[in-house]
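Chain and residue survey
Okay, here's what each chain looks like letter by letter:
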Amino acid sequence: MMRNKLKVYRTGRDFTQEELGERLGVSRQTVVAIEKNKYLPSLGLAFKIAEVFKVRIEDVFYKDE
Amino acid sequence: MRRKDFKRIKLLISVFVLVVMIVAVFSYNIFLAVVGVLSGMLAVRILRIKSKQEIVDERVEKIGDKAARASFLIFTSILAVVSVLLVVVKKEHVYLQALGVLFSYMTSFMLVLYVLSYRYFEKEFGEDDEE
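These remarks concern the structure in this document.

Scoring rules and cut-offs
Residues numbered from 1 in each chain as written. Chains lettered and ligands numbered in written order. Predicted model: local features only at pLDDT ≥ 70, side-chain atom pairs only at ≥ 80, totals over all residues. Heavy atoms only, no water. Phe/Tyr/Trp six-rings, centres within 6.5 Å; stacked < 30°, edge-to-face > 60°. Helix = DSSP H or I, 4+ residues; strand = E, 2+ residues; numbered from the N terminus. Buried < 20%, exposed > 50% of the residue type's maximum accessible area, 1.4 Å probe, protein only. Axes fitted to C-alpha atoms, helices over the stretch in contact; angles between N-to-C directions. Parallel < 35°, antiparallel > 145°, perpendicular 65-115°, else oblique. Left-handed = near helix turned anticlockwise from the far one by under 90°. Contact = heavy atoms within 4.5 Å. Nonpolar A, V, L, I, M, F, W, Y, C, P; charged D, E, K, R; others polar. Core = buried A, V, L, I, M, F, W, Y, C linked by side-chain atoms within 4.5 Å. Patch = residues over 30% accessible without salt bridge, like charges linked within 9 Å, V, L, I, M, F, W, Y side chains within 5 Å. Areas by Shrake-Rupley, 256 points an atom, 1.4 Å probe, with all protein chains shown as cover. Salt bridge = Lys/Arg side-chain N within 4 Å of Asp/Glu carboxyl O. Lys, Arg positive; Asp, Glu negative; His and termini not counted. Charge placed at Lys NZ, Arg CZ, Asp CG, Glu CD.

Centre-to-centre distance and the angle between the planes together describe a pair of aromatic rings. Residues and elements named next belong to chain A. Enumeration according to the criterion identifies six aromatic pairs over all chains in this entry. With a centroid separation of 5.7 Å and an interplanar angle of 35°, the aromatic rings of tyrosine 9 and phenylalanine 53 are classed as tilted. Residue tyrosine 9 is located in helix H1 (residues 6-12), and its partner phenylalanine 53 is located in helix H4 (residues 43-53); the two are separated by 44 residues in the primary sequence. Taking relative accessible area as the criterion, phenylalanine 53 reaches 2% and is therefore assigned buried. In this structure an aromatic cluster arises from ring pairing among Tyr9, Phe15 and Phe53.

Here you go:
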């Protein structure tokens with residue numbers, strides 16, 4: 001199962017879910033769903049997330065064995 | 001334009017269309033209803049162009065896809081079962097049998113439509129092209 005550290009990165013940058021949603025061009029609900037691992041974003045959105053935090057995709061998303 | 005503003009304006013347009021529709025129904029004015037719906041559609045279209053941003057996010061699209069798929073599956077299954085039941089009903093109920101035949105045609109039409117649209121989108125998103 002794929003998991004992510006989006007909440008860690010978001011709170012580290014002091015972004016609200018709304019602000020991050022605005023930067024990514026998605027709704028706040030989508031950010032919430034990703035953070036809760038209920039929704040797996042597309043590759044395009046994953047790239048955008050990595051770009052916002054200036055990290056690699058695999059730093060944010062990882063496979064939980 | 002921010003997503004919140006877009007949603008707010010869209011809600012205002014929806015309320016406007018609803019009010020126009022209510023007035024149209026109570027005044028038996030079909031012209032007003034048509035104008036109300038068309039102007040609402042036009043306003044939303046202009047709003048989308050003006051906002052110049054990705055309004056429908058991918059999660060919402062996925063939810064829509066899943067809901068459409070589930071609705072199709074449930075509706076077609078029920079229609080198929082009802083049509084079979086109506087066709088095998090006693091011979092004296094001719095109208096019910098005719099309705100059953102109509103329903104079975106509708107079921108077949110929906111399945112053909114599904115296959116055609118599936119083929120179309122399969123091509124759109126790349127066929128299995130082995131090299």
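So, next bit.
This next bit is on the packing of helix H3 (residues 58-87) of chain B against helix H4 (residues 94-124) of chain B. Residues and elements named next belong to chain B. Interhelical geometry of H3 versus H4 gives an angle of 150° and a closest axis separation of 8 Å. Comparing the axis directions of H3 and H4 gives the class roughly antiparallel. Crossing angle aside, the handedness with which H3 passes H4 is left-handed. Across from Arg69, Phe72, Phe75, Thr76, Leu79, Ala80, Val82, Ser83, Leu86 and Val87 in H3, the residues of H4 making contact are Leu96, Gln97, Leu99, Gly100, Val101, Phe103, Ser104, Met106, Thr107, Met110, Leu111 and Tyr114. Looking at the contact of H3 with H4 residue by residue, the classes come out as 15 nonpolar, six polar and one charged.

Looking now at the nonpolar core. Within the largest apolar cluster, 18 residues are counted, with the highest numbers of intra-cluster contacts made by Leu6(A), Leu20(A), Leu24(A), Ile34(A), Ile49(A), Phe53(A) and Phe61(A). Of all the elements in the fold, those that place two or more residues in this core are helix H2 (17-24), helix H3 (28-35), H4 and helix H5 (57-60) of chain A. Per element, the largest residue contribution to this core is six residues, and it comes from H4(A). Leaving out residues up to four positions away in the same chain, Phe61(A) has contacts with Met2(A), Arg3(A), Asn4(A), Ile34(A), Pro41(A), Ala46(A) and Ile49(A). Counting five residues, the second-largest nonpolar core is a separate cluster that includes Ile13(B), Val17(B), Val44(B) and Leu47(B).

Next up on the list: a positive patch on the surface. Taken together, the side chains of Arg28(A), Lys4(B), Lys7(B), Arg8(B), Lys10(B), Arg45(B) and Arg48(B) present a region of like positive charge at the surface. Where the positive patch is concerned, the elements lending two or more residues are helix H1 (3-26) and helix H2 (30-51) of chain B. For the positive patch, the element with the most residues is H1(B), which contributes four residues.

Here the focus is the pattern of salt bridges. It is possible for side chains bearing opposite charge to pair when their charged atoms get close. Residues and elements named next belong to chain A. Per the counting criterion, the structure on display carries five salt bridges over all chains. Between aspartate 64 and arginine 3 there is a salt bridge whose closest N-O contact spans 2.9 Å. Highlighted residues: aspartate 64 in the segment after strand S2 (61-63) and arginine 3 in strand S1 (residues 2-4), separated in sequence by 61 residues. Residue classification places aspartate 64 among the partly exposed residues on the basis of a relative accessible area of 35%. We classify arginine 3 as partly exposed; its relative accessible area is 27%.

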